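Listed below, chain by chain, are the residues.
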Amino acid sequence: MSDSSVLKKQNSLLKIWPTTHATAGATATPSGPSHLEDDRLEPSSIPAQIEFRSVTKTYGQATAVNDLSLSVRRGEFLTILGPSGSGKTTALMLLAGFVAPTKGDILIAGKSVAAVPAYRRDQGIVFQSYALFPHLTVRRNLEFPLEMRGIGAAERAKRVDSILERVHLREFDSRMPSQLSGGQQQRVALARALIADPPILLLDEPLGALDRNLREQMQGEIKSLHREFGKTTICVTHDQEEALTLSDRIVVMRAGKIEQTDTPETLYDRPMTRFVANFLGEANILEDLGFEVESDAAQPSGTVGMIRPERVCIAATGEPKRADADRRQFAIGTVDDMIYAGPLRKYNVRVGDSLLVVRQHVASGQQIFRLGDEVKLDWLRSDVRFVAT
Amino acid sequence: MQLLQRLGRLPVLLAFPALGVLLVVFGIPIVRLFLTSLNAPEFSLANYQMFLGQPANIRVLFQTVEISAIATFVCLVIGYPTAYVMVAASKPVRMALLVLVVIPYLTSFLARTYAWIVILGDTGLINNLLLYFGLISGPLQLIFNRMAVYVGMVHIMLPMMILPLVSVMIGIDKSLMSAARSMGARPFTAFWRVFFPLSLPGVRSGSLLVFVICLGFYITPAALGGLGDAMLSTFIAAQVQTSFNVARIAAASFVLLAIAVVVLSMLGLDLSGSAPSGQIARKSWLPRPPPFGALKGKFGELPMPYRAKRWAAHLYKAGGEERWLKIVGPAFIALVMAFLLFPEIVVIIMSFSAGAFLEFPPSGLSLQWYRSFFGDPAWYMAAWTTIQIGVAVTILSTVLGTLAALGLSRAAPQARRLLTMVILTPITIPVIVVGVATYLGLIDLGLVGSQTGIVFAHTIGAMGYVAVIVSATLANFDRRLEQAAQSMRAGPLQTFMRVTLPLIRPGIIGGAIFAFVHSFDEVVITSLVSGFSVYTLPLKMWENIRNEVDPTVAAVASLLTLLPVLWMIALYLTWWRSRPQVNLSISEAKG
């Protein structure tokens, strides 16, 4: 995104919301309460925008969400990540008001919304299938939330024009949704969720229906929209990459429960459970290696050692010792498989009864190992993490 | 508002108005009818013993099943290849053929039955033609025999066989046939092993539909058949009108119902299982040379390994075996379409006849029969009554049926299955049984012989059609659109009016049209509940056909054949135009 286009975006934004959101964005000073940096500095001074209090949702015998407690700060981008059936979509539907909790309570801006139906909750939602009204043009789709709020025709037209400008769909306003490409539909859906300026934005697998290139492009778009508009955003996805790139914080869910909540970096670097380690990226579980795993920290009981594939070095057995050899642990193994993936080379190395994955950046002059080669693996003891099994 | 919210939480309640009407008009009476047939509260099988003890009854019973089964079978034999060729045709051709099949389906069946009297009668088209060419010296007895019954019934039922077959066949992925051929299957083997098993659901639903209608529908056999071709339903109808002995009628009705249920479940089982399907399957393939085709299929599997090597060549070759289909297919379709549509044309020509009695071709042209129709209050008042009833039925059944479909689409699966079955009962069991039960129900309500009574009698069936068609539309409706509307602050009523209703409107209008057609054409139930005091157009036509065969019927029938054209235009406007294609040109013009 070039500087000029960022400026243009800012201008169009000013036209839509001349007062409330002028402070958001890179050029403004961080003074408004909606600004993210502020929240991070003093998290306790700002009340939680959304709070789940021990929410449980059961369908007959099945428990979709089990005793979920979670609070989301104003302006935060929070992603709920989990495999299908982990209860993440139910959590979103509970917040949206389409599903009522069996137990527990949900608070928005400090007030319980148990008795508030979905159509009074004032949230923008982007659905997985976009849910654009097929019988209305793009313009009428965008006007819908404004009409429901009793906004007059002139003001509606003005807002639709500026948001269409913002999502680069100005010339598409009289099209029907079926005449748009997937990426265009996605942008209309985002625009429709944002146009009435709701304080909360909910995204349900927003990029699930797009192909890979478009998905990356839309990730950037969502990220910049969030930066500009400063909405409290909750996103549900099973795509770890999407979660890592978009979020301020990620909640990993499993079988209706929260497994871990942290910033993307902490979650990836310091997963607390084996499930999180495996779900978010690739993980080498250090067991059945035929030797004890050494670490700088003491190993808590009920845990197992884990190291990320990119932290492991691979070398020929005859190679001389490194300078920091005393801070490293070594292992000898045989190459079981090698996968070439462009910038990366992935080795599966058999050590003891275990297969370790090694990810090596391709560089010139590098030795390439073949199937059956005996190799020496080593890693920094400080890179070993202990995860609950 | 609070009421709406509560309804939103218990959507099944939306089906209750429809269920209530059904219960009062049909449900309670049919249970009472059953109890009466068992001599409740003493409970004995005396009525059934009496019914089955009479050899004449047994004969009629067998005859009913025989006529229904043969008519169904012939429909399948003609309908399956027709549907196959239609599905294989290009899209515009297929659409045109579908329209040609739907037009007779929407035409008054009395008009079509009458057409066969004109064609097969002693001074009718065929006899006159044969006499003209000197092939016969005196008229042949073509009508009032079993053959005429089959011709008429197959003509009436064929669209109801073809339409379900087409709808199933259209859903079969054509690449499966290519895949089978790429694996070395010859075209016939590919058809037999892949396409045919996948089309069985259509065979099943088409056959069930036709068979059940045949069981309860006695008008065409009575009009075209001789005295010896009576159906059990004719017998029941006669008894209701003459000696109203409820116990005997009840027993006869439940015997008929039992046959329907037994045959349906047998047929259902046979066709759903894979092993026993072969027998029925082979029957349906009769129009192709059967022994040769079957043998070819068997032998064709022997040199499989060899042919598998040549699969690539086979894939790109048009296939010599299929070339003859290119000639036979269109010829066959043309014959079937002529069979379906020719009678309508005959009726239209007939209506301009100048002669004083039934003959074809007419000796001269005149508008006398139209004048007779519009000049006779008995005729045009009957038409007016029918329209009034039809409009009332359409409104009532569209509202009830749509609400029911909305409620059922949101209900729990088990409740949905059960309640759908209940709502469809009046259109899935033999119509004469519905007629008898409704008659009893309307007696209780004091509505026999009133227009209101006929409206209720028609509504219970019509709302089934509405519910089916609206449900089909709702099945393609994405519930998340409603959630999306709610997330944008649209309340339940706004959501329904702005999002749900516009999107299911084509289904509702389609349902309304079918409801009107159902009411406008209904004669079996009407004849039982009219009490000779209300005359609808079909009733008047039926009386006329039975008694005098006065060509005024031709004028009425001719006018009635124009109606389906109106229906088709209405359906076209609501269904085809509802696609959002118009806006493309507008937006491009703007851009």
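Residues numbered from 1 in each chain as written. Chains lettered and ligands numbered in written order. Predicted model: local features only at pLDDT ≥ 70, side-chain atom pairs only at ≥ 80, totals over all residues. Heavy atoms only, no water.

Going by the annotation in an unreviewed UniProt entry, the name recorded for chain B is ABC transporter permease, with Mesorhizobium kowhaii given as the source organism. What UniProt states about chain B under its Subcellular location (unreviewed entry) heading is, verbatim, "Cell membrane". The annotation that UniProt attaches to chain B under Sequence similarities (unreviewed entry) is "Belongs to the binding-protein-dependent transport system permease family. CysTW subfamily." (UniProt positions renumbered as here; feature names shortened; annotations may be inferred.)

Chain A goes by Polyamine ABC transporter ATP-binding protein in an unreviewed UniProt entry, where it is assigned to Mesorhizobium kowhaii. According to its UniProt record, chain A has this under Sequence similarities (unreviewed entry): "Belongs to the ABC transporter superfamily."

Our next topic: the overall build of chain B. Helices and strands together make up the secondary structure of chain B, namely 29 helices and zero strands. Residues counted as buried form 50% of the 591 residues belonging to chain B. Partitioning the intrachain contacts of chain B with sequence separation of at least 6 by distance along the chain shows that 79% fall at a separation of at least 24. Within the structure as shown, chain B displays about 26,400 Å² of accessible surface, and the carbon and sulfur contribution to it stands at 70%. (Helix = DSSP H or I, 4+ residues; strand = E, 2+ residues; numbered from the N terminus. Buried < 20%, exposed > 50% of the residue type's maximum accessible area, 1.4 Å probe, protein only. Contact = heavy atoms within 4.5 Å. Areas by Shrake-Rupley, 256 points an atom, 1.4 Å probe, with all protein chains shown as cover.)

Take the confidence of the model for chain B next. All names here are of chain B. Overall, the prediction assigns chain B a mean pLDDT of 81, with 85% of residues at 70 or greater. Ignoring residues within four places in sequence, the model shows residues 269-320, a span with pLDDT below 50, making 46 contacts including any to other chains. Of the regions scoring below 50 in pLDDT, residues 580-591 engages in 14 contacts with residues more than four places distant in sequence or in other chains. (pLDDT = per-residue confidence, 0-100.)

All names here are of chain A. Strand order in the open sheet formed by three strands is β11-β12-β18, with antiparallel pairing between adjacent strands. What marks the edges here is a single partner per strand, and that holds for β11 (284-286) and β18 (385-388). Neighbour to neighbour, the strand axes of the sheet diverge by 45° on average, direction disregarded. (Pairing = 2+ DSSP bridges. Axes fitted to C-alpha atoms, helices over the stretch in contact; angles between N-to-C directions.)

This next bit is on the packing of helix α5 (residues 91-106) of chain B against helix α8 (residues 146-170) of chain B. Residue and element names in this part refer to chain B. At their nearest, the axes of α5 and α8 sit 9 Å apart, and the two run at 150° to each other. What the angle tells us is that α5 and α8 run roughly antiparallel. α8 is crossed by α5, and the crossing has left-handed handedness. Facing R94, L98, V101, V102, P104 and Y105 of α5, the residues of α8 in contact are P159, M160, I162, L163, V166 and I170. (Parallel < 35°, antiparallel > 145°, perpendicular 65-115°, else oblique. Left-handed = near helix turned anticlockwise from the far one by under 90°.)

Quick look at the interface of chain A and chain B now. Interface size is commonly expressed as the accessible area that is lost once the parts come together. Taken together, the 29 residues of chain A in the interface contact 25 residues of chain B. Roughly 2,600 Å² is buried in total at the junction of chain A and chain B, and carbon and sulfur atoms are behind 60% of that figure. Seen at the junction of chain A and chain B, the total is two salt bridges. Across the pair R489(B) and D122(A) runs a salt bridge whose closest N-O atoms are separated by 3.8 Å. Joining chain A to chain B, the criterion identifies three residue pairs in polar contact (both at pLDDT 80 or more). Those elements that provide at least two residues to the side of chain A that touches chain B are β6 (123-126) and α4 (138-148) of chain A. Within the side of chain A that touches chain B, the residues separate by chemical class into 14 nonpolar, eight polar and seven charged. (Buried area = accessible area lost by both parts, 1.4 Å probe. Salt bridge = Lys/Arg side-chain N within 4 Å of Asp/Glu carboxyl O. Polar contact = N/O pair within 3.5 Å; in protein donor to acceptor, adjacent residues only side chain to side chain. Nonpolar A, V, L, I, M, F, W, Y, C, P; charged D, E, K, R; others polar.)

Paired through backbone hydrogen bonds, the strands of a sheet run either parallel or antiparallel to each other. Residues and elements named next belong to chain A. The strand order β6-β7-β8-β3-β9-β10 describes an open sheet built from six strands, whose pairing is mixed. Edge positions in the open sheet fall to β6 and β10 (257-262), since each of these has one partner strand only. This sheet shows a mean twist of 15° between the axes of neighbouring strands, independent of strand direction. Examined bridge by bridge, strand β3 (residues 77-81) and strand β9 (residues 249-254) share four bridges and lie parallel to one another. Counted as the bridge partner of T79 is I250 from β9. Of the strands in this sheet, β3, β6, β7 (200-204), β8 (232-237) and β9 touch helix α3 (residues 88-96), which is tilted by about 150° from β7.

To continue, consider a nonpolar patch on the surface. A cluster of nonpolar side chains, Y380(B), M381(B), W384(B), I387(B), V391(B), I395(B) and V399(B), forms an exposed patch at the surface whose accessible area comes to about 640 Å². By secondary structure assignment, the location of Y380(B) is in helix α20 (residues 377-409). (Patch = residues over 30% accessible without salt bridge, like charges linked within 9 Å, V, L, I, M, F, W, Y side chains within 5 Å.)

With that settled, the discussion passes to helix α27 (residues 537-547) of chain B. Most of α27(B) is tucked away: eight of the eleven residues are buried. Those residues of α27(B) lying buried are L537(B), P538(B), L539(B), K540(B), M541(B), W542(B), N544(B) and I545(B).

All names here are of chain B. One pass over the full model with this rule turns up 24 aromatic pairs over all chains. Note on F191 and F195: the rings are 5.7 Å apart at their centroids and 25° apart in plane angle, and the pair reads as stacked. Of the two residues, F191 and F195 both sit in helix α10 (residues 187-216), four residues apart, roughly one turn of that helix. For F191, a relative accessible area of 4% corresponds to the buried category. Ring geometry for F516 versus W567: centroids 5.4 Å apart, planes at 65°, classification edge-to-face. Of this pair, F516 sits in helix α25 (residues 492-521) while W567 is found in helix α28 (residues 552-576), placing the two residues 51 residues apart along the sequence. (Phe/Tyr/Trp six-rings, centres within 6.5 Å; stacked < 30°, edge-to-face > 60°.)

Another point: the side chain of T64(B). Structurally, T64(B) is set in helix α4 (residues 55-88). Not counting chain neighbours up to four residues away, the residues in contact with T64(B) comprise L215(B), M231(B), L232(B) and L256(B).

It is worth spelling out the pattern of salt bridges at this point. Residue and element names in this part refer to chain A. For the coordinates displayed, the defined rule picks out 38 salt bridges over all chains. The closest approach of N and O atoms between R254 and E259, which form a salt bridge, is 3.5 Å. For R254, a relative accessible area of 40% corresponds to the partly exposed category. Judged by its relative accessible area of 19%, E259 is buried.

Before going further, it helps to spend a moment on unusual backbone geometry. Trans peptide bonds make up the majority, and among non-glycine residues the majority have a negative phi. Not every positive phi belongs to a glycine, and D197(A) is a case in point at roughly 60°. Relative to the elements of secondary structure, D197(A) occurs in the loop between α6 (182-194) and β7. Of note in this structure, F43(B) is not a glycine but carries a positive phi near 60°. Tracing the sequence through the fold places F43(B) in the loop between α2 (16-37) and α3 (46-53).

A few words now on the nonpolar core. With 207 residues, the main nonpolar core has L537(B) and M541(B) as its most contacted residues. Broken down by element, this core gets its largest block of residues, 14 residues, from α8(B). L537(B) has contacts with F373(B), W379(B), A382(B), A383(B), T386(B), F520(B), V556(B) and L560(B), leaving out every residue within four places of it along the chain. Within the second largest apolar cluster, 33 residues are counted, among which are F77(A), L194(A), M218(A) and L225(A). (Core = buried A, V, L, I, M, F, W, Y, C linked by side-chain atoms within 4.5 Å.)

Now for the confidence of the model for chain A. Residue and element names in this part refer to chain A. Scored by pLDDT, chain A comes out at a mean of 85, with 88% of its residues at no less than 70. For chain A, the element scoring lowest by mean pLDDT is helix α2 (residues 36-41), at 41; β3 scores highest, at 95. Segment residues 1-45 is flagged for pLDDT under 50; beyond a separation of four residues in sequence, or across chains, it makes 49 contacts in the model.

Okay, the packing of α4(A) against α6(A) next. Helices that pack against each other are described as a pair by the angle of their axes relative to one another and the distance between those axes. All names here are of chain A. Running from amino to carboxyl end, α4 crosses α6 at an angle of 25°, the nearest separation of the two axes being 8 Å. On the basis of the axis angle, α4 is roughly parallel to α6. The hand of the α4/α6 crossing is right-handed. For the pair α4 and α6, the contacting residues are V138, N141, L142 and P145 in the first and V188, A191 and R192 in the second. Classifying every residue of the contact of α4 with α6 gives five nonpolar, one polar and one charged.

All names here are of chain A. Where burial is concerned, most of β8 is hidden: six out of the six residues are buried. Burial along β8 is two-sided: T232, I234 and V236 facing one way and T233, C235 and T237 facing the other are all buried. As judged from the five bridges shared by β3 and β8, these two strands associate in the parallel manner. The residue of β8 that forms the bridge with T79 is C235. With five bridges connecting them, β7 and β8 associate as parallel partners. Note that in β8 the partner of L201 across the bridge is T233. Regarding topology, helix α7 (residues 212-229) serves as the crossover connection from β7 to the parallel β8, and that connection is right-handed. (Right-handed = clockwise from strand over helix to strand, strands pointing away.)

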